[in-house]
Amino acid sequence: MLEVERVSRSFGGVAALTDVSLEVGAGEVVGLIGPNGSGKSTLLNVITGISPAERGVVRFDGRDVTSLRPDRTAALGLTRTFQTPRVLHRMTVLENLSAALFAGSPKVRRLRKADRERLNGLLEECGLGRRVDELASKLTLPEQRRLELVRTLVSDPKLILLDEPAGGMTPAETEGMARLIAEVAARGRTCIVIEHKIDMISSLCERICVLDFGRVIADGTTREVLEDEAVLDAYLGRRDIA
Amino acid sequence: MDEYLVQVLSNIGMISFLALSAYILLITGEISFGQQAFFAIGAYASGIATAMWGWGFWPGLVWGAAAAGAAAFLLAWPTLRMRGLFFAIGTLAFAEMVRLIFEIFRYQVEIDGELVGPNGSEGFRGIRYIFEQDISAFHYMLLIYAVLAGVLALLFVIERTRLGAIWRMLGEDELLAETEGVNRTYYKVLATVVAGAVAGIGGALYAHMNTYLEPKIFNVMLGVHSLAYGLIGGLGTAFGPLIGVGIDIGLLESARIFSGYRMIVFGGLVALLLIFRPRGLLDEAAVHALVAWWRNTFSSPAKRSGGSGRPPERPGA
C-alpha cells in the first residue's frame, strides 16, 4: 500500500531523513519508533505532502505521491493525527467531525440525518458520546487525542498515520487509547503508529521500524527489533530490557 | 420617520456590507485592510452603469457586485500565496492602488448637455437614478435592508453547509484543513471573491444614495473600520459585524455626546475588546452558549442531545 523509497529531507543543511525506505502492506499496523529528533514526524510530513521529499519516491496504492499537496494525499485516502493534538477549538466536538467529513467528501454539501447519526456513533464508540455538543476547547488532552483519532475515520481512509497518539497520557489513558487503536486496526485499517511507549507499540504492532538520526536502523518483527543490538544502543537502552 | 434617523440607518445598512465583507475573510483566517477597494469598485461600476449606460438599478447593482468580485479574484490569486501580515499589507497596497487609480480615472459622456462620469479627483457626479425614479430616502433605506437581509440569509445558509465549515476550518487551522483534504487556495480565493462581491453590493447602494463619489472617501480608514466591526461585534456569526457597525455608526458617530471623541472611544473599544474578547462580543463561544440555551429552552428532547435522538449506529469499517 505504501512504499517509501530512499527518501531524504533536510532543513537548512541538517539532514532530517537520509535514504529512508519503508514498505507498509494493506492491513498492517507498523510501529515507528526512535529517539526525539530521529525524523519520525518528518517522515509522516513527507508521506502526507506537508514537507515533500527532496530525494526519493513515495508511492501510495501504486501512485507516486512524492510531490502531491496534503489535500491531494488526503483525497487518495491518507489521513493523520499530530504530535500536538490539532482539534478545532472554536467548534463543537460534532462540528469537528462534520468539518472533516466536508473536507474529505466533496459530494457532501450539508450534514444530513444519516451523516449525523454516523458521526454520533463514532463519537459514542470512542467515549465522546456525551460531549458531542461541547466546544472542543473544553476537552481534556486524552479526549482531544481521541477526537483526533475518530476524526481520521470520518473520511473512510486507507492509511492512518498516528503521531504519538498517547503522548502526555497516564498509563490508564494510554491503555484506553491502545484499545481504541486496536479496534480501528481490527477493522482492517492500515496504520503507522509513532509512539515512545514501547509497551503500547509492542501490543499493537507486529512490525516495527526504528529511525535514528534520520536513518532506518532496524525494520522487522516486533520481537526482532526489540532485541536488536543497534536499537538497544540507540534508543531502548540495555537496562530497560534486562 | 425622521430624516436624520433614516440617513443614520441607511449608513448602518450600507456599511454593514463592508463589515460583512471583512468578516468573510476574517473567518477564513485572513485580515484584509483593503475591502474598501471593492466597495469603491462596486460604487463606480454601478454608478457608471446607471448614470452613463442607462442601465436599471438592479442590473447596475449586480454589475457592481460582479466587477468587485472580479477585482477580488485578481487580488486573491497573487496575494493568497502570502500569509498573515504579508496578505494584510498586500490588500492595503491594493486598496491604495485602486483609490489612486480612481484619482486619475476619467471617463465621461455628455448626457442632456451635461458631462457625466468619473472625473479623476473631482469625483463622479450625477448618479441620479434613485431620484429620477422618485424613490424616497425612506424607501431606499428599506431597499438597503432588504438586500442586506438577502445577503445575511445567504451567509447563514453558507455557514450551515460545507463551504462555511471549510472556511471556518481554514480560519482556525490551515494545516489541519489541508491534511483533511481542503484545497486551501481554492477556498480562500472563493472567500475573497464572495467578500469582494458583498463589498461591491454595499458600494453600489452607497453610490446611488449619495449620487456623488469621491476617491478619497475610499481611504484606508474605511478599511480599518470594516475590519474593526467584526472584531467588535464578534466572529461567531454574521450578526457580529452588524453589531460592530451599530455601535460605531449608530452610537459613536451619531450620538452627539461623543462628538469629537468618536475615534478615541472607537479605538479604545477595539483595544479593550482585543484584550478581553479577541474574537468580539458574539464570538464562537458566545454563539455556542446561545444556541445551547435556545436548544435547552425551546427544542424537543431529541434535538437537545445534538443528534437525531436515536441510538447511534455502529460505524462502518
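Quick summary incoming for the structure in this document. Everything numeric here is computed off the predicted structure, so don't read it as measured data.

**Re the overall build of chain B**
Working step 1: A count of helical and extended segments in chain B gives 14 helices and three strands.
Working step 2: The C-alpha radius of gyration computed for chain B amounts to 21 Å, which stays within 12% of the reference 20 Å derived for 317 residues, consistent with globular compactness.
Working step 3: Summarising its shape, the C-alpha atoms of chain B cover approximately 75 × 45 × 40 Å along the three principal directions.
Working step 4: Across the 317 residues that make up chain B, the buried fraction comes to 53%.
Working step 5: Intrachain contacts of chain B at a sequence separation of at least 6 include 75% that bridge at least 24 residues.

**Section: the sheet that holds strand β10 (residues 215-221) of chain A**
Residue and element names in this part refer to chain A.
Working step 1: Pairing in this open sheet of six strands is mixed, and the strands run β6-β7-β8-β3-β9-β10 from one edge to the other. The strands lining the two open edges of the sheet, one partner per strand, are β6 (78-80) and β10. Shown here is a sheet whose adjacent strand axes are inclined to one another by a mean of 15°, direction ignored.
Working step 2: Examined bridge by bridge, strand β7 (residues 159-163) and strand β8 (residues 190-194) share five bridges and lie parallel to one another.

**Brief notes about the packing of helix α4 (residues 113-125) of chain A against helix α5 (residues 141-154) of chain A**
Helix-helix packing is described using two parameters, namely the angle between the two axes and the distance between the axes.
Residues and elements named next belong to chain A.
Working step 1: Following both chains from N to C, one finds α4 and α5 inclined at 145°, their axes separated by 10 Å at the closest point. Considering only the axes of α4 and α5, their crossing is right-handed. For the pair α4 and α5, contact is made by Arg118, Leu119, Leu122 and Leu123 and by Leu147, Val150, Leu153 and Val154, respectively.
Working step 2: Each residue belonging to the contact of α4 with α5 can be placed in one class, and the counts come to seven nonpolar, no polar and one charged.

**Quick word on a nonpolar patch on the surface**
Working step 1: On the surface, Met1, Leu5, Phe138 and Leu142 of chain B cluster together into a nonpolar patch covering about 380 Å² of accessible area.
Working step 2: Along the chain, Leu5 of chain B falls in helix α1 (residues 3-27).

**Concerning unusual backbone geometry**
Working step 1: Although it is not a glycine, Asp61 of chain A adopts a positive phi angle of roughly 55°.
Working step 2: The residue Asp61 of chain A is located in the loop between β4 (55-60) and β5 (63-64) in this model.
Working step 3: In this structure, Asp112 of chain B takes a positive phi of about 50° despite not being glycine.
Working step 4: Mapped onto the secondary structure, Asp112 of chain B falls in the loop between β1 (109-111) and β2 (114-118).
Working step 5: A relative accessible area of 81% means that Asp112 of chain B is categorised as exposed.

**Considerations on the pairing of β7 of chain A**
Residues and elements named next belong to chain A.
Working step 1: By the criterion of burial, β7 is predominantly enclosed, with five of the five residues buried.
Working step 2: Here β7 shows a buried face lined by Leu159, Leu161 and Asp163 and a second buried face lined by Ile160 and Leu162.
Working step 3: Judged from the three bridges that link them, β6 and β7 form a sheet pairing that is parallel. Bridge assignment links Arg80 to a residue of β7, and that residue is Leu161.
Working step 4: In this fold, the crossover linking β7 to β8 by way of helix α6 (residues 171-186) has right-handed handedness.

**Points about the sheet that holds β2 of chain B**
All names here are of chain B.
Working step 1: Strand order in this open sheet of three strands is β1-β2-β3, and the pairing throughout is antiparallel. With one partner strand each, in any of the chains shown, β1 and β3 (124-125) form the two edges of the open sheet.
Working step 2: When β1 meets β2, the two strands line up antiparallel, connected through three bridges. Within the sheet, the bridge partner assigned to Val109 lies in β2 and is Val116.

**Considering helix α7 (residues 162-172) of chain B**
Working step 1: A large share of α7 of chain B lies buried, amounting to 10 of its 11 residues.
Working step 2: Residues of α7 of chain B that are buried: Arg162, Leu163, Gly164, Ala165, Ile166, Trp167, Arg168, Met169, Leu170 and Gly171 of chain B.
Working step 3: Among the structural elements, α3 (93-104) of chain A together with α1, α6 (137-159), α8 (174-179), α9 (184-210) and α13 (284-298) of chain B are those in contact with the buried residues of α7 of chain B.

**So, the packing of aromatic side chains**
The geometry of an aromatic ring pair is captured by the separation of the ring centres together with the interplanar angle, meaning the angle of the planes.
Working step 1: The final tally for this structure, using the stated rule, is 22 aromatic pairs over all chains.
Working step 2: A network of ring pairs unites the aromatic residues Phe39, Tyr44, Phe102, Phe105, Tyr107, Phe124, Tyr206 and Phe218 of chain B as a single cluster.

**Here's the deal with the side chain of Glu178 of chain B**
Working step 1: Topologically, Glu178 of chain B is positioned in helix α8.
Working step 2: With near-sequence residues (within four places) excluded, Glu178 of chain B lies in contact with Pro70, Asp71 and Ala74 of chain A together with Arg184 of chain B.

**Overview of the packing of α5 of chain A against α6 of chain A**
All names here are of chain A.
Working step 1: Running from amino to carboxyl end, α5 crosses α6 at an angle of 5°, the nearest separation of the two axes being 11 Å. Classified by the angle their axes make, α5 and α6 are roughly parallel. Contacts between α5 and α6 involve Pro142, Arg145, Arg146, Leu149 and Leu153 from the first element and Glu173, Met177, Leu180, Ile181 and Val184 from the second.
Working step 2: Tallied by class, the residues present in the contact of α5 with α6 amount to seven nonpolar, no polar and three charged.

**As for the pattern of salt bridges**
Working step 1: One pass over the full model with this rule turns up 31 salt bridges over all chains.
Working step 2: Between Arg151 of chain A and Glu148 of chain A there is a salt bridge; the shortest N-O distance is 3.5 Å. Placement of the pair is Arg151 of chain A and Glu148 of chain A together in helix α5, with a separation of three residues, close to one helical turn. As far as the burial class goes, Arg151 of chain A and Glu148 of chain A line up, both buried.
Working step 3: One connected set of salt bridges, linked through shared partners, spans Arg90 of chain A together with Glu159, Arg168, Arg279 and Glu284 of chain B.

**Some details on the interface of chain B and chain A**
Working step 1: Every contact between the two is made by 35 residues of chain B and, on the other side, 42 residues of chain A.
Working step 2: Across the chain B to chain A interface the summed buried area is about 3,500 Å²; carbon plus sulfur atoms make up 56%.
Working step 3: Summed over the shared surface of chain B and chain A, the result is four salt bridges.
Working step 4: Between Arg90 of chain A and Glu284 of chain B there is a salt bridge, and its shortest N-O distance comes to 3.6 Å.
Working step 5: Linking chain B to chain A there are 10 residue pairs in polar contact (both at pLDDT 80 or more).
Working step 6: Taken together, the elements giving at least two residues each to the side of chain B that touches chain A come down to α7, α8 and α13 of chain B.
Working step 7: Of all the elements, α7 of chain B adds the most residues to the side of chain B that touches chain A, at seven residues.
Working step 8: Across the side of chain B that touches chain A, the residue classes tally to 10 nonpolar, 11 polar and 14 charged.

**Some words on the environment of Phe239 of chain B**
Residue and element names in this part refer to chain B.
Working step 1: Within the secondary structure, Phe239 is located in helix α11 (residues 239-253).
Working step 2: For the pair Phe239 and Ser16, spaced 223 residues apart in sequence, the C-alpha to C-alpha distance is 9.7 Å.
Working step 3: Aside from chain neighbours lying at most four places away, what touches Phe239 is Leu152, Phe156 and Leu282.

Calculation rules
Residues numbered from 1 in each chain as written. Chains lettered and ligands numbered in written order. Predicted model: local features only at pLDDT ≥ 70, side-chain atom pairs only at ≥ 80, totals over all residues. Heavy atoms only, no water. Helix = DSSP H or I, 4+ residues; strand = E, 2+ residues; numbered from the N terminus. Rg over C-alpha atoms; globule rule 2.2 N^0.38 Å. Buried < 20%, exposed > 50% of the residue type's maximum accessible area, 1.4 Å probe, protein only. Contact = heavy atoms within 4.5 Å. Pairing = 2+ DSSP bridges. Axes fitted to C-alpha atoms, helices over the stretch in contact; angles between N-to-C directions. Left-handed = near helix turned anticlockwise from the far one by under 90°. Nonpolar A, V, L, I, M, F, W, Y, C, P; charged D, E, K, R; others polar. Patch = residues over 30% accessible without salt bridge, like charges linked within 9 Å, V, L, I, M, F, W, Y side chains within 5 Å. Areas by Shrake-Rupley, 256 points an atom, 1.4 Å probe, with all protein chains shown as cover. Salt bridge = Lys/Arg side-chain N within 4 Å of Asp/Glu carboxyl O. Right-handed = clockwise from strand over helix to strand, strands pointing away. Phe/Tyr/Trp six-rings, centres within 6.5 Å; stacked < 30°, edge-to-face > 60°. Parallel < 35°, antiparallel > 145°, perpendicular 65-115°, else oblique. Buried area = accessible area lost by both parts, 1.4 Å probe. Polar contact = N/O pair within 3.5 Å; in protein donor to acceptor, adjacent residues only side chain to side chain.

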